[in-house]
Every structure is written in C-alpha cells, then in structure tokens.
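Close look at the chain arrangement
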Amino acid sequence: MKRVTVKTILNTITAGERATAFDYIDKVIPVLMGIFVFFNSIPHTTAIKEISFYLSCLFVIVLACGKKVDYRFKTPLTIPFLLLLAWSCLGFFFALNRPNTIHDIYTHYIKYILVYFLLINFFGTEHRCRILIWIVALSAALFSIGAMIMFYGLERNPFTQRLGFRDMSANYLGFVTIPGLILTLGLVFSSRHLREKVFLSLAFSSTTLATLLTQTRGALIAVIVSVALALWGRWKCLLLIGFGLIVYLVYSPGFLKDRILMESHDLVNNYRVSINRLSLEIISDHPIIGIGFGMQTYADRTLLLTYNEKVPERYRQPLDTLTPCPHNLYLDIAVRVGWVGLGLFFFILAVFFRMAWQTAVQGKTNFIKTWGQLLAGCMLSYLIQAFFADAAFGPQAIMFYTVLALMTILWTLDDKGAGQRLA
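These remarks concern the structure in this document.

As for the pattern of salt bridges
Throughout the structure, instances matching the rule amount to six salt bridges. Across the pair Glu-126 and Arg-130 runs a salt bridge, and its minimum N-O distance is 3.5 Å. Within this pair, Glu-126 and its partner Arg-130 are both found in helix α6 (residues 126-154), separated by four residues, close to a single helical turn. The exposure class assigned to Glu-126 is partly exposed, which follows from its relative accessible area of 24%. When its relative accessible area of 32% is taken as the criterion, Arg-130 is described as partly exposed. The shortest N-O distance in the salt bridge between Glu-309 and Arg-316 comes to 3.9 Å. For Glu-309, a relative accessible area of 47% gives the class partly exposed. Residue class for Arg-316 comes out partly exposed when judged on its relative accessible area of 33%.

Take a look at the structure:
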C-alpha cells in the first residue's frame, strides 16, 4: 500500500485550488480583524478577540510563505514605533522587574503594533476603510446601550451614580465611546439615506449619553474639545451639540458640584496630586531609562513605600491606600521608559498630527479631508483623557492604535491615490 504523506497530499492540490485557498484566506483576515476591533470594548470576550487576532497572524504567515500578498511595513509611523521598541528593549537591562518587562513589551506594545499593521494592510482601500469606521462606531454604540441597560436597568443603580463596571471603570469608558460618537457623526454626514441617518443619530445619542453618564471630568473635557475640532467648519451642528451639552450640565447639579466645580474638595489636596508627586519622585531617580517597561513594576509595594516617604508629608498617600498606577499616561510612560521614552512617544504623536494636517487640510478628496479631521478629533479625545487615566493597555490602547491605523490608511490613499491598497 502506498504511503500517504503531507507532501503527497500537497502534490495532489492543483495550482488553481491553491490560488483559491490563498484568496479565501486573504478575505478571511479582514473579517477576523473586524471581529477583533468590534469586540474590543465588550467585556468577557477575551477568547473571541484572542482567537481572531492569532488566527489572523497565522493566516498572514501562510500568505507570506506562499508569496501571494506583498505586505508593506513602510509607513510614516514605522520608524517611531521601532525607536520606542528599541528603547524599551534596552531598558530591560536596567529594569527592576525583568520578567514583567519582557511580558509587557510583547503584550502591551508589540501586539498592538501587529494590530496596527494588520489593519493598514487589510483595510487599505476606501471601501474597507469605511467598513472599519462602521465597525468602531457600531461597537461603541452597542457597548453604550448594553452598559446603560445593565447598569441602570438590570442592576437598578440610580442615574446619579456614575456609569462604570469592574471590568471597565468610568474613567475608561470615554476612551471607547468618544471616538465612537465622533466617527458616528462622520457617518451621519456621509449617509445619503434618511433611515440610515436616523439609525446613526440614535447610535450617536446613546453613545453620547453613556459618555456623559460616566460623570468623568476628563471625558467631558475631551468631548467638548475633540468634538469642536472634529466639527470645525460645521457650525450649525456644532452649535446644536453645544446647546445639548449646556442643557445636560444645567440639569445635572450633582455632576456640576462633585465632578466639575469640586466645591467640597481642595484641588491642592486631590489624591491625583499625591499620585503625581510620587511618580515624579520615581522619575527623578530613573530619568533616562526608567524602571522598566513592565506595568507591574510600579505596583510593587516596597517601591511605593520607599518613594512615598520622599514625597513632602502634605502629599503623602495613606499607607493602606497606596495607588499602584500613575493614573496619567504621560507620567506612566516616563516612569517606565524615562523622559527619552516619553519623547519617543511624542514623536509618534507628532507624526500622527503631521498626517492629520496633510489629510484634513491638504487632502485631495472630501473623503480624505472629512475623515482626517474626524480622526484628529478622536486622537485629541484620547490624549486629553490620558491626563486623568492609564491608557497604555486594554481597550483604550487598542482604540489608540486603531485610530493610528485609520489615519495611516487615509494618508496612504491620499498619497498614492484612492482605491490603491496598502498591502
């Protein structure tokens, strides 16, 4: 009996069948990545996201081995990404917690870069770019509706209570909902059908309401500033949304008192000031290379106790409530990779906003200009909220790299002609 091997099986597959298989795989990858992005903010879907991501990576390797797709990794952000990666890897040799540093360099940086490159390679046409925008917008709307139903409906919390969960606190919800509502606005503008406009308007309303119900100062500031940038030039729409925000603030006295004006708190004694002072003490001893990329390093109680003693007594945190994270993206990066690493992160942002200027102001088509401006607003919302929360991991980080990818796709379409795929 003739022996059957993998080689003999492969030899029985015709060239046409192999081409069909590769074409099928090429079409499956954007579906998988779409699933990954859609479930980014949905709690308890880790398995779905991990399967989608790693299957996409596996299929990319298969296509690369078959030399069926010419992937490109040369983008304006490639060099900034690599510089920050190299600096983070160099910090391993000086890290206080090396195992966690190795883990987080992959989990909270390399993996996100892979997401970025998968998105720009498989959503690189105008049509697919629109699909990705729809995915982000609908995901945010579905998440917002589900969150409000569960928190205020099923759990029967009063509307005066801040919207938030153990899986995603109120401080993090805005990182998902604000880009979602901005992109939904863009879809409303570009829609030509009344039913679609009505549907998108309802999605926008639910996402905006969920954002406001978080009662988060950072989210409110981010909504005002980022929406103003995103809608600059659309004065009627901007005035309408501004009026809606004013009405909300007028009829939310508790929110004004406790979350905005802080009448019952002294800003100087705010706990965030104590956290920032502790972070700055750590940075002063590790200004260049940082304490290591690993996020758990900062949470080490011995480290916190040591530096808490160096903080002026007025700003010291109680020993039983030492906060294990900086609650500020910029200080978080500076603590982990030093001022140099923070400078490299700002390099990434500078390249992004250069692309934003080239698309929103100098773009060749209305599609490029409109979405370039809206994506700039999305990024601004992230950066504003990052002053008040940790934003280098989880759904907020995935949203950051998704916005980077969308801007890169727009820039490429504008540079090489709409319709050409960045592959």
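Concerning the environment of Phe-347
Relative to the assigned elements, Phe-347 resides in helix α14 (residues 329-360). Each C-alpha atom of the pair Phe-347 and Phe-81 lies 9.1 Å from the other, and the pair is 266 residues apart in sequence.

Some details on the nonpolar core
By size, the foremost hydrophobic cluster in this structure holds 132 residues, and its most contacted members are Phe-81, Tyr-109, Tyr-116, Leu-163, Leu-329, Met-379 and Leu-404. Here this core takes 16 residues from α14, the largest share from any one element. Here Leu-163 is in contact with Ala-147, Met-148, Phe-151, Tyr-152, Ala-170, Leu-173, Ala-210, Leu-213 and Thr-214, once residues within four sequence places are set aside.

As for the packing of aromatic side chains
Counted according to the given criterion, the structure contains 21 aromatic pairs. With centroids separated by 5.5 Å and ring planes inclined at 35 degrees, the aromatic side chains of Tyr-112 and Tyr-401 adopt a geometry described as tilted. Taken as a pair, Tyr-112 in helix α5 (residues 98-122) and Tyr-401 in helix α16 (residues 394-416) lie far apart in primary sequence, 289 residues in all. Summarising the burial analysis for this pair, Tyr-112 and Tyr-401 share the class buried. Cation over ring: Arg-234 sits above Phe-189, and NZ or CZ is 4.0 Å from the ring centre. Lying across the ring of Phe-293, Arg-336 places its NZ or CZ 4.5 Å from the centre.

A look at the environment of Phe-400
Its place among the elements puts Phe-400 in helix α16. Residues Phe-400 and Phe-175, 225 residues apart in the sequence, show an inter-C-alpha distance of 8.6 Å. With near-sequence residues (within four places) excluded, Phe-400 lies in contact with Phe-345, Leu-349, Met-379 and Tyr-382.

Section: α5
Side chains that are three or four residues apart share a direction in an α-helix, a result of its 3.6 residues per turn. In this model α5 runs 35 Å from its N-terminal to its C-terminal C-alpha over 25 residues, within 8% of the 36 Å that 1.5 Å per residue would give. The principal kink in α5, of about 30 degrees, is found at Ile-110. For α5, the capping residue at the N-terminal end is Asn-97, with a side-chain oxygen 3.2 Å from the backbone nitrogen of Asn-100.

A look at unusual backbone geometry
Glycine aside, residues mostly have negative phi, and peptide bonds are mostly found in the trans state. The phi dihedral of Arg-156 falls on the positive side, at around 55 degrees, and the residue is not glycine. Position of Arg-156 relative to the elements: it lies in the loop between α6 and α7 (170-190). By relative accessible area, Arg-156 is classed as exposed at 73%. The phi dihedral of Gln-215 is positive, around 50 degrees, even though this residue is not glycine. With respect to the helices and strands, Gln-215 occurs in the loop between α8 (194-213) and α9 (217-230).

So, the environment of Leu-331
Along the chain, Leu-331 falls in helix α14. Sequence-distant contacts of Leu-331, that is, excluding residues within four places in its chain, are made with Asn-276, Ser-279, Leu-280, Ile-283 and Pro-326.

Digging into the packing of α6 against α16
Running from N to C, α6 and α16 cross one another at 160 degrees; their axes reach a closest spacing of 11 Å. With respect to each other, α6 and α16 are oriented roughly antiparallel. Considering the relative orientation of α6 and α16, their crossing is left-handed. Seen from α6, the contacting residues are Glu-126, Cys-129, Leu-132, Ile-133 and Val-136; seen from α16, they are Met-399, Thr-402, Leu-406, Ile-409, Leu-410 and Leu-413. For the contact of α6 with α16, the residue count by class is nine nonpolar, one polar and one charged.

Cut-offs used in this document
Residues numbered from 1 in each chain as written. Predicted model: local features only at pLDDT ≥ 70, side-chain atom pairs only at ≥ 80, totals over all residues. Heavy atoms only, no water. Salt bridge = Lys/Arg side-chain N within 4 Å of Asp/Glu carboxyl O. Helix = DSSP H or I, 4+ residues; strand = E, 2+ residues; numbered from the N terminus. Buried < 20%, exposed > 50% of the residue type's maximum accessible area, 1.4 Å probe, protein only. Core = buried A, V, L, I, M, F, W, Y, C linked by side-chain atoms within 4.5 Å. Contact = heavy atoms within 4.5 Å. Phe/Tyr/Trp six-rings, centres within 6.5 Å; stacked < 30°, edge-to-face > 60°. Lys NZ or Arg CZ within 6 Å of the ring centre and 35° of its normal. Expected span 1.5 Å × (residues − 1). Bend = angle between axes of the 7 residues up to and from the residue. Polar contact = N/O pair within 3.5 Å; in protein donor to acceptor, adjacent residues only side chain to side chain. Axes fitted to C-alpha atoms, helices over the stretch in contact; angles between N-to-C directions. Parallel < 35°, antiparallel > 145°, perpendicular 65-115°, else oblique. Left-handed = near helix turned anticlockwise from the far one by under 90°. Nonpolar A, V, L, I, M, F, W, Y, C, P; charged D, E, K, R; others polar.

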